[in-house]
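Reading the structure
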Amino acid sequence: MAAGGNEADRAWVAQLRKGLVELLVLAVLRREEVYGYQLLQRLAELDGLALSESTLYPVLARLAADQLVAVRQEPSPTGPPRRYYRLTRAGQKRLDEMLAHWRQMNGSIEILAGSTEPRP
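Before going into details, it helps to say that this report is about the structure given with it. (Residues numbered from 1 in each chain as written. Predicted model: local features only at pLDDT ≥ 70, side-chain atom pairs only at ≥ 80, totals over all residues. Heavy atoms only, no water.)

1. Topic: the nonpolar core
Inside soluble globular proteins, nonpolar side chains tend to come together where they are buried. Selection criterion: In these notes, a set of buried Ala, Val, Leu, Ile, Met, Phe, Trp, Tyr and Cys residues joined through side-chain atoms within 4.5 Å is what counts as a nonpolar core. For every residue, the accessible area (1.4 Å probe, protein chains only) is compared with the maximum for its type, and the residue is labelled buried under 20%, exposed over 50%, or partly exposed between those bounds. Note on conventions: DSSP H or I runs of at least 4 residues are helices, E runs of at least 2 residues are strands, and numbering of each starts at the N terminus. Any two residues whose heavy atoms approach within 4.5 Å are treated as being in contact.
Counting residues in hydrophobic clusters, the biggest one holds 22 residues, and the most contacted among them are Val25, Leu29, Leu39 and Leu63. Sorting the residues of this core by element identifies helix H2 (21-31), helix H3 (36-44), helix H4 (53-65), strand S3 (82-87) and helix H5 (89-112) as the ones contributing at least two each. With seven residues, the single largest contributor to this core is H2. Once you skip the residues sitting within four places of it in the chain, leucine 63 turns out to touch Glu22, Val25, Leu26, Leu68 and Val69.

If you want it as structure tokens, here you go:
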């Protein structure tokens, strides 16, 4: 994120990220099964994609209810049992649709911003 500006000036960044949470979660799960904290860590490793637990866990619950992710529970070496999440076939299909739409939108934004020329 660019330096400078106050919180109100950067509120749009939080809103943009919030709109992408489902896409981000499904994209991480495409590669591997993870428990919630691991998912937070994977996203935090990439610039601008860190999420809070209060943002992530309601989305995971909704994705599980919609059968886009499967959940299994295992004992943890420390603390409460861990809930592991993995992509279902329906989740893979949703991710593919979301990525296609994202790529189309991104291309259009690049054209509007003057970074690329419109396709004939």
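2. A few points about the packing of H2 against H3
A packed helix pair is summarised by two numbers, namely the angle formed by the two axes and the spacing between the axes. Operational definition: Each axis is a line fitted through C-alpha atoms, taken for helices only over the stretch in contact, and angles between the N-to-C directions span 0 to 180 degrees. Geometric relationships in this document are graded by angle, where less than 35 degrees denotes roughly parallel, more than 145 denotes roughly antiparallel, 65 to 115 denotes roughly perpendicular, and other angles denote oblique. The classification used treats Ala, Val, Leu, Ile, Met, Phe, Trp, Tyr, Cys and Pro as nonpolar, Asp, Glu, Lys and Arg as charged, and all other residues, Gly among them, as polar.
One can describe the packing of H2 onto H3 by two numbers: an axis separation of 10 Å at closest approach and a directional angle of 100°. Compared by their axis directions, H2 and H3 come out roughly perpendicular. Residue-level inspection shows Leu24, Val25, Val28 and Leu29 of H2 in contact with H3, the latter providing Leu39, Arg42 and Leu43. In terms of residue class, the contact of H2 with H3 is made up of six nonpolar, no polar and one charged.

3. Topic: the sheet that holds strand S2 (residues 69-74)
What counts here: By the convention used here, strands pair only if DSSP detects at least 2 bridges between them.
The strand order across the open sheet built from three strands is S1-S3-S2, with neighbouring strands paired in antiparallel fashion. The outermost strands of the open sheet, each flanked by one partner alone, are strand S1 (34-35) and S2. As paired strands, S2 and S3 are joined by six bridges and run antiparallel to one another. When the sheet's bridge partners are listed, glutamate 74 is paired in S3 with arginine 82. The sheet strands contacting H4 are S2 and S3, and the helix crosses S2 at an angle near 110°.

4. Comments concerning the packing of H2 against H4
Remark: H2 packs on H4, axes separated minimally by 10 Å, with the N-to-C direction vectors making an angle of 75°. Classified by the interaxial angle, the pair formed by H2 and H4 is roughly perpendicular. On the side of H2, the interface is formed by Val21, Glu22, Val25 and Leu26, while H4 contributes Thr55, Leu56, Val59, Leu60, Arg62 and Leu63. Residues of the contact of H2 with H4, tallied by class, amount to seven nonpolar, one polar and two charged.

5. Overview of the packing of aromatic side chains
The relation between two aromatic rings is expressed through the spacing of the ring centres and the mutual angle of the planes. Here is the rule we go by: Stacked, edge-to-face and tilted are the three classes for Phe, Tyr and Trp ring pairs, Trp counted by its six-membered ring, which pair at centre distances within 6.5 Å; planes under 30 degrees apart are stacked, over 60 edge-to-face, the rest tilted. Only Lys NZ and Arg CZ are tested; either one counts as a charge over a ring when it is within 6 Å of the ring centre and within 35 degrees of the ring normal.
Taken as a whole, this structure holds one aromatic pair when the rule is applied. Centre to centre, the rings of tyrosine 35 and tyrosine 84 are 5.4 Å apart; their planes meet at 75°, and the pair counts as edge-to-face. In this pair, tyrosine 35 is assigned in strand S1 and tyrosine 84 in strand S3, connecting sequence segments 49 residues apart. Taking the relative accessible area as the measure of exposure, tyrosine 35 reaches 15% and is therefore buried. The side chain of arginine 72 reaches across the aromatic face of tyrosine 84, ending 4.6 Å from its centre. Taking NZ or CZ as reference, arginine 82 lies 4.1 Å from the ring centre of tyrosine 35, over its face.

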